[in-house]
Amino acid sequence: MAVLGIVFLSPFIWMVSASFKLEQDVLSFPIEWIPSTWNAIENYSRVWFEDNSFLTYYGNTLKVTLLTTITSVFVSSLAAYGFAKIKFKGREVVFLLVLATYMVPPQSVLVPQFLLFKWVGLFDSHFGLILLNSFSVFGTFMLRQFFLGINDEIIESAKMDGAGHFKTFFHIALPLVRPAIATYAILRFIWTWNDYQYPLIFLRSEELFTLQLGIAQFADAHGMIYSLMMTGAVSAIVPLLIVFIIGQKHVIEGISLGGVKG
C-alpha cells in the first residue's frame, strides 16, 4: 500500500517540485525531485501578483463553489427528507422519476439549458452557474438513504410535541445525518471547484471566468511555460486539499455509517 501510495502521489509531487524550479530545469532528466536552484518566490509572485486576472479567477471560483455547495446541500437535503419521511401519494413513483434523470447524460441537455438560460437572462452570470448545480440527484439519493435510517418513532414524537416538518427537519433529522451532509458537501465542493464544462458553456465575460477557464486562459497568454503552469495548478489544488483534510473525518464516518446501515 505504501508503494502504491508513492506511485499515485508521484505526479502531484512532481507538479509541486516543478512549481519551485527554473523553467529550464522542469523537464530535465533524470528528474530532480528537490530543485537544485529554487525559483519558488519568482514563480508564485508572477502567477499571483503580475497577472491580476488570476486573483479574479480565484475569487470567482471561491464564490461560485461556496454558494453552489451551500445551495445544493440545502435543496438536496430537503428533497431527501421529503422522499424519506413525508408520506404523500405517488412518493415512490416521483422518486423513481427523479432517479431516472440520473441516467440522462448531462451533455445531452446542454443545448436546451443554454437556450433556456439565455432566454430568461441568466446566461453569462454567476447566478446562472450556481443555479445549474443547485440540485443533485446523487445528493438526494445519498442523503435519502441516511434519512431512511432515522427511526420513524423519533419523527412521530416530534410531531406529537407540535413540531412541523421544517422544525423536525432542522432540529432533529439534520443533526442525525451530519456525517452524510458533510460528506456530500465536500464532494459537491470538489466537483464544483473542478468543473470546466458549465463555465465554458455558460460564461463569456473574462471577468466572470472561474479558475479552470482561467488556467486555460493563462496558458494562452503566457505560452507553455511549465513552471508557471504548475504553479497555477498547485494553487488550484491547495483549497481542495485543505477542505478534504478538514473534512476527512466526516467523510470516513459517513461512509462507515452507510456501510453499517447497508
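What counts as what
- Residues numbered from 1 in each chain as written.
- Predicted model: local features only at pLDDT ≥ 70, side-chain atom pairs only at ≥ 80, totals over all residues.
- Heavy atoms only, no water.
- Helix = DSSP H or I, 4+ residues; strand = E, 2+ residues; numbered from the N terminus.
- Buried < 20%, exposed > 50% of the residue type's maximum accessible area, 1.4 Å probe, protein only.
- Contact = heavy atoms within 4.5 Å.
- Areas by Shrake-Rupley, 256 points an atom, 1.4 Å probe, with all protein chains shown as cover.
- Core = buried A, V, L, I, M, F, W, Y, C linked by side-chain atoms within 4.5 Å.
- Patch = residues over 30% accessible without salt bridge, like charges linked within 9 Å, V, L, I, M, F, W, Y side chains within 5 Å.
- Salt bridge = Lys/Arg side-chain N within 4 Å of Asp/Glu carboxyl O.

Chemist: Give a detailed account of the overall build of the protein chain, specifying residues and quantitative values.
Modeler: Per the secondary structure count, the protein chain includes 14 helices and zero strands. For the protein chain, the α and β elements follow one another from N to C terminus as α-α-α-α-α-α-α-α-α-α-α-α-α-α. By the burial criterion, 41% of the 262 residues in the protein chain qualify as buried. Put simply, 73% of the contacts in the protein chain that link residues at least 6 apart link residues at least 24 apart. Of the accessible surface of the protein chain, which amounts to about 14900 Å², a share of 70% is contributed by carbon and sulfur atoms.

Chemist: Break down the environment of I242 for me, citing the residues and quoting the values.
Modeler: For I242, the location among the structural elements is in helix α14 (residues 226–261). Separated by 149 residues in sequence, I242 and V93 place their C-alpha atoms 40 Å apart.

Chemist: Before we move on, can you summarise the environment of I154 with the specific residues and values?
Modeler: The residue I154 is located in helix α9 (residues 152–160) in this model. The class of I154 is partly exposed, set by a relative accessible area of 36%. For I154 and W193, which are 39 residues apart along the polypeptide, the C-alpha to C-alpha distance reads 37 Å. Residues within four places of I154 in sequence aside, it is in contact with I172 and L176.

Chemist: Lay out the nonpolar core in plain terms, naming residues and giving numbers.
Modeler: The biggest cluster of nonpolar side chains holds 35 residues, and the ones touching the most others in it are L129, W193, F202 and L211. Here the element with the most residues in this core is α14; it accounts for seven residues. With near-sequence residues (within four places) excluded, F202 lies in contact with L110, Q113, F114, F117, F123, D124, S125, L129 and L132. Counting 17 residues, the second-largest nonpolar core is a separate cluster that includes I150, I155, I181 and A185.

Chemist: Pulling in residues and values, what's your account of a nonpolar patch on the surface?
Modeler: A grouping of L9, I13, F29, I31, W33, I34 and W38 is seen on the molecular surface, where their side chains present a nonpolar patch of about 830 Å² in accessible area. Among the structural elements, W38 can be located in the loop between α2 (23–26) and α3 (40–50).

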